[in-house]
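Listed below are the residues making up each chain.
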Amino acid sequence: MKYVLGARCVRCGREYAAVPGLTTCACGGILDIQYDYAAIRRDFSPRVLEGCRDWSMWRYRPFLPVEEDSPAPPLRVGWSPLYRADNLARTLGLKTLYVKDDGLNPTASLKDRASALAVVKAMEAGADTVACSSTGNAASSLAGNAAAAGLRSYIFVPARAPKGKVAQLRIFGATVVSVEGSYEDTFELSKAAIEKWGWYNRNAAINPYLSEGKKTVSLEIMEQLGWHVPDYIALSVGDGCTIAGVWKGLKDLASAGFIDKLPRLISVQAEGCCPINRAVQTGKPWAPMEEDTLADSIAVGVPRNPDKAIGAIRESHGVAVNVSDGEILSAMGLLGRTQGVFGEPAGAAGTAGVKKALELGLIPADSTVVSIVTGNGLKDVANGVKAAGEPLSCPPDMDALLSVFRRAGIAP
Ligand SMILES: *Cc1c(COP(=O)(O)O)cnc(C)c1O
Ligand SMILES: [Zn+2]
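These notes cover the structure that comes with them. (Residues numbered from 1 in each chain as written. Chains lettered and ligands numbered in written order. Predicted model: local features only at pLDDT ≥ 70, side-chain atom pairs only at ≥ 80, totals over all residues. Heavy atoms only, no water.)

This next bit is on the overall build of the protein chain. Within the protein chain one finds 16 helices and 13 strands. In summary, the protein chain has a C-alpha radius of gyration of 21 Å against a globular reference of 22 Å for 412 residues, a match within 12%. Out of the 412 residues in the protein chain, the part that is buried amounts to 58%. In the protein chain, 70% of the contacts between residues at least 6 apart in sequence involve partners at least 24 apart. (Helix = DSSP H or I, 4+ residues; strand = E, 2+ residues; numbered from the N terminus. Rg over C-alpha atoms; globule rule 2.2 N^0.38 Å. Buried < 20%, exposed > 50% of the residue type's maximum accessible area, 1.4 Å probe, protein only. Contact = heavy atoms within 4.5 Å.)

So, about the coordination of the zinc ion (ligand 2). Donor atoms from the polypeptide that bind the zinc ion (ligand 2) are Cys 9 (SG), Cys 12 (SG), Cys 25 (SG) and Cys 27 (SG), placed at 2.3 Å. Viewed at the metal, the four donor atoms of the zinc ion (ligand 2) are separated by angles of 103 to 116 degrees, and the geometry they form is tetrahedral. Of note, the zinc ion (ligand 2) draws all its donor residues from one chain, in the sequence arrangement C-x2-C-x12-C-x1-C. Taken together, the residues Cys 12 in the loop between strand E1 (4-9) and strand E2 (15-16) and Cys 27 in the loop between E2 and strand E3 (31-35) connect sequence positions 15 residues apart. The exposure class assigned to Cys 12 is partly exposed, which follows from its relative accessible area of 45%. With relative accessibility at 34%, the residue Cys 27 sits in the partly exposed group. (Donors = N, O, S within 2.8 Å, 3.2 Å for Na, K, Ca; no water. Tetrahedral: all angles 85-135°; square planar, octahedral: opposite > 155°, others 65-115°.)

For the rest of this paragraph, the subject is the packing of helix H5 (residues 137-149) against helix H6 (residues 163-171). One can describe the packing of H5 onto H6 by two numbers: an axis separation of 8 Å at closest approach and a directional angle of 20 degrees. With respect to H6, the axis of H5 lies roughly parallel. Between H5 and H6 the crossing geometry is left-handed. Touching Asn 137, Ala 139, Ser 140 and Ala 143 of H5 are Lys 165, Gln 168 and Leu 169, all from H6. The residue inventory of the contact of H5 with H6, partitioned by class, reads three nonpolar, three polar and one charged. (Axes fitted to C-alpha atoms, helices over the stretch in contact; angles between N-to-C directions. Parallel < 35°, antiparallel > 145°, perpendicular 65-115°, else oblique. Left-handed = near helix turned anticlockwise from the far one by under 90°. Nonpolar A, V, L, I, M, F, W, Y, C, P; charged D, E, K, R; others polar.)

To continue, consider helix H10 (residues 241-255). A rise of 1.5 Å per residue sets the reference length of H10, with its 15 residues, at 21 Å; its end C-alpha atoms lie 20 Å apart and thus fit the reference within 8%. Of all 15 residues making up H10, twelve are buried, and the element is well covered by its neighbours. Restricting attention to buried positions, one finds in H10 the residues Cys 241, Thr 242, Ile 243, Ala 244, Gly 245, Val 246, Trp 247, Lys 248, Gly 249, Leu 250, Asp 252 and Leu 253. Within two residues after H10, Gly 257 carries a phi angle of roughly 80 degrees, on the positive side. (Expected span 1.5 Å × (residues − 1).)

The residue Asn 305 is located in the loop between helix H11 (275-282) and helix H12 (306-315) in this model. Note on Asn 305: relative accessible area 2%, which makes it buried. Contact partners of Asn 305, with chain neighbours within four places excluded, come to Ile 30, Ala 205, Asp 239, Gly 240 and Cys 241.

If you trace the six strands from one edge of the open sheet to the other, you get E4-E5-E13-E10-E11-E12, paired in mixed fashion. Either end of the sheet is taken by a strand with one partner, and the two such strands are strand E4 (82-84) and strand E12 (319-323). Taking each pair of neighbouring strands and ignoring which way they run, the sheet shows an average axis angle of 25 degrees. Of the strand pairs in this sheet, strand E5 (residues 96-101) and strand E13 (residues 368-373) are connected by six bridges, and their pairing is parallel. From the neighbouring strand, Lys 100 faces E13, where its bridge partner is Ile 372. Running over the sheet, helix H9 (residues 216-224) touches E4, E5 and E13 and is turned about 135 degrees from E5. (Pairing = 2+ DSSP bridges.)

Once that is clear, we can look at the pairing of E13. With respect to burial, E13 is a largely interior element, six of its six residues being buried. Burial of E13 is two-sided: the residues Thr 368, Val 370 and Ile 372 facing one way and the residues Val 369, Ser 371 and Val 373 facing the other way are all buried. Direction of pairing for strand E10 (residues 232-236) relative to E13: parallel, over a ladder of three bridges. The partner of Tyr 232 across the bridge, within E13, is Val 369.

Mapped onto the fold, Val 381 is located in helix H15 (residues 381-388). Residue Val 381 is classed as partly exposed on the basis of its relative accessible area of 49%. Along the chain, Val 381 and Glu 220 lie 161 residues apart, while their C-alpha atoms are 28 Å from each other.

Right, let's talk about the pattern of salt bridges for a bit. Opposite charge on two side chains allows them to pair when their charged atoms are near. Evaluation of the coordinates by the stated rule reveals 25 salt bridges. Note that Glu 327 is salt-bridged to Lys 356, the shortest N-O span being 3.2 Å. With Glu 327 in helix H13 (residues 325-339) and Lys 356 in helix H14 (residues 345-359), this pair connects stretches of sequence that are 29 residues apart. By relative accessible area, Glu 327 is classed as partly exposed at 26%. Lys 356 sits in the buried class, given a relative accessible area of 13%. Among the ionic contacts, a cluster of salt bridges with common partners joins Asp 32, Glu 212, Lys 215, Lys 248, Asp 252 and Lys 308. (Salt bridge = Lys/Arg side-chain N within 4 Å of Asp/Glu carboxyl O.)

What follows deals with the sheet that holds E1. One open sheet accounts for three strands, arranged E2-E1-E3; its pairing is antiparallel. The open sheet terminates on both sides in strands that have one partner only, identified here as E2 and E3.

This part covers the state of the cysteines. On inspection of all chains with the given rule, the structure shows zero disulfides. With no disulfide partner, Cys 132 has as its closest neighbouring cysteine sulfur the one in Cys 241, 12 Å distant. (Disulfide = S-S within 2.5 Å.)

Keep in mind these values describe shape, not function.
Shown next, in the form of structure tokens:
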């Protein structure tokens, strides 16, 4: 790996060689991959990217910790659209808003970025089986990316995982264990099983390569914005690996001279489960919380990556904002109606956070904001219907249609 120097513990600073099966530090701390930015700067630039026709996350290879001769995995992950969301901006009273629809990845969430990287590292490690525990999307993305690469997968999900995500897992041929317990219980069981059978571990806060995959969302946002840095990037937060990855990507770009300043992060959590934001807001160490929200992907009462996440929010002089389930459902409808983008609850939560941050005066109305939609609404149709309601019901008859419209107050 031409540009990788090694891995360093974020807690004690101990350094490790970046071998494929790397997990956590001996002290229990999470590792962070280190790069030779001077070398990247020498070989790579916005100019080089202009000639690149690889429309996937692999266009940023010099920023990724994979061997030069490792082939990119088969599924096309990344280069999701960044929409200028003028309709929604106008509705919110915000100057400039962009929506990055990462629900358009192959298994329909941002997690594909991490899973694609995990699959490459698993192959480099010579593994034939990969495993993880997940609230749903990490699992379905791992199962899909593993299937395409010819790897077996073992997946542990909490029993509350939405049906759409479980269906994806089964379709991708994973062995799926639905754990009768919380996400915390699920994680612990997967950890014990991974230790027993020696599978390649895709658990995000344990495997330091995964946030390196997730960071490609930031690299794309910046390239899609022509390297013009927005004021804020908003996204929802569960374990904290995604926001840590987003921040890492931005700092990588700054270190390699692609951008000359950094945006501030807007960390959005659910009111019923916001241990990371609570720590940021109170300045106290984080403490576990109940998992009381319908946004299953961010219902994480015991976050696995709180230190990197809290560090990223603080370092960026970021904003922490909590949203209710009602505000999340309303943002799902708003994104759909104004921009034609369908996010799952955790996917639309970032946008709910932008709205709330504006209302609370936490961000100025003349800001330029990028809101990341982290997962697709088709994964969780039950909450989609909850957000937008049932259709009008009508017999196949024009007179009946007229009276149905009249009763609903619709005048075409
Ligand atoms: C996983 C996930 C998140 C949060 O990512 P973390 O790394 O757990 O903080 C947000 N939205 C969706 C749709 C996700 O799947
Ligand atoms: Zn350590």
